[in-house]
Amino acid sequence: MPPWAEVDGRLDDVQPNFDVYMLGKLLWCMVSGRLRLNREWFRNPENNVTAMFAKNDDPHLFIINEILEKCVVEDSKDCFRSASDLLIMVNHFVHSINRGGQLLREGVPRLCRVCGYGHYHPEQVRPSSTVAAVRFWPVGSFGPSDAVIYNVRPFCCDRCGHIQFFKGS
Ligand SMILES: [Zn+2]
């Protein structure tokens, strides 16, 4: 039962987010394989699915915690308003996973899409910056005079050296 619903006796005013809390707990049980999550302590090291299955190196486990952040919460104002909101978030992540996407967060492992073994890490371009300038020649252009310059944040695979980058500011 959500902490905000802990009352003596019968609960007269059941809010739509009442079930969301328990659905979050159910999700945690399904992923962890354990029967009970005490309170909202899914981030504690002994309960954190990203730590429990760290050897799997699965970035999608971090999505579980993102979902739980909106369900298994101490205060009702931090919870999804209803299971419909939860469904929207779950569908969003399922769509992302099906297309090979993942969370872009600090600490989430980024597996190399080329060698399949290494991890991408931010490449230190200069001691004070993680942004580099890269010139692109548009298709059909005549060379450097037509170059477009982007500031990018490069990420390099620690195994094969493949580089990805994001447009920086
Ligand atoms: Zn690689």
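What counts, and at which threshold
- Residues numbered from 1 in each chain as written.
- Predicted model: local features only at pLDDT ≥ 70, side-chain atom pairs only at ≥ 80, totals over all residues.
- Heavy atoms only, no water.
- Helix = DSSP H or I, 4+ residues; strand = E, 2+ residues; numbered from the N terminus.
- Donors = N, O, S within 2.8 Å, 3.2 Å for Na, K, Ca; no water.
- Tetrahedral: all angles 85-135°; square planar, octahedral: opposite > 155°, others 65-115°.
- Buried < 20%, exposed > 50% of the residue type's maximum accessible area, 1.4 Å probe, protein only.
- Salt bridge = Lys/Arg side-chain N within 4 Å of Asp/Glu carboxyl O.

Here we take up unusual backbone geometry. Most peptide bonds take the trans configuration, and most residues that are not glycine carry a negative phi. Although it is not a glycine, Arg39 sits at a positive phi angle of roughly 45 degrees. Mapping Arg39 onto the fold places it in the loop between α1 (18-32) and α2 (49-52). Within the chain, Asp57 stands out as a residue other than glycine whose phi angle is a positive 55 degrees. Structurally, Asp57 is set in the loop between α2 and α3 (61-68).

On the protein side, the zinc ion has Cys112 (SG), Cys115 (SG), Cys157 (SG) and Cys160 (SG) as donor atoms, found 2.3 Å from it. Note that the zinc ion binds four donor atoms; their angles at the metal cover 105 to 117 degrees, and the shape is tetrahedral. All donors of the zinc ion come from a single chain, and their spacing in sequence reads C-x2-C-x41-C-x2-C. Of this pair, Cys112 sits in the loop between α4 (83-98) and β1 (120-122) while Cys160 sits in the loop between β3 (148-157) and β4 (163-167); the two residues are 48 residues apart in sequence, bridging distant segments of the chain. On the accessibility criterion, Cys112 (5% relative accessible area) is buried.

Counted under the stated rule, the structure contains six salt bridges. Its salt-bridge partner being Glu69, residue Arg43 comes within 2.8 Å of it at the nearest N-O pair. Remark: Glu69 occurs in the loop between α3 and α4 and Arg43 occurs in the loop between α1 and α2; sequence separation between them is 26 residues. With a relative accessible area of 41%, Arg43 lands in the partly exposed category.

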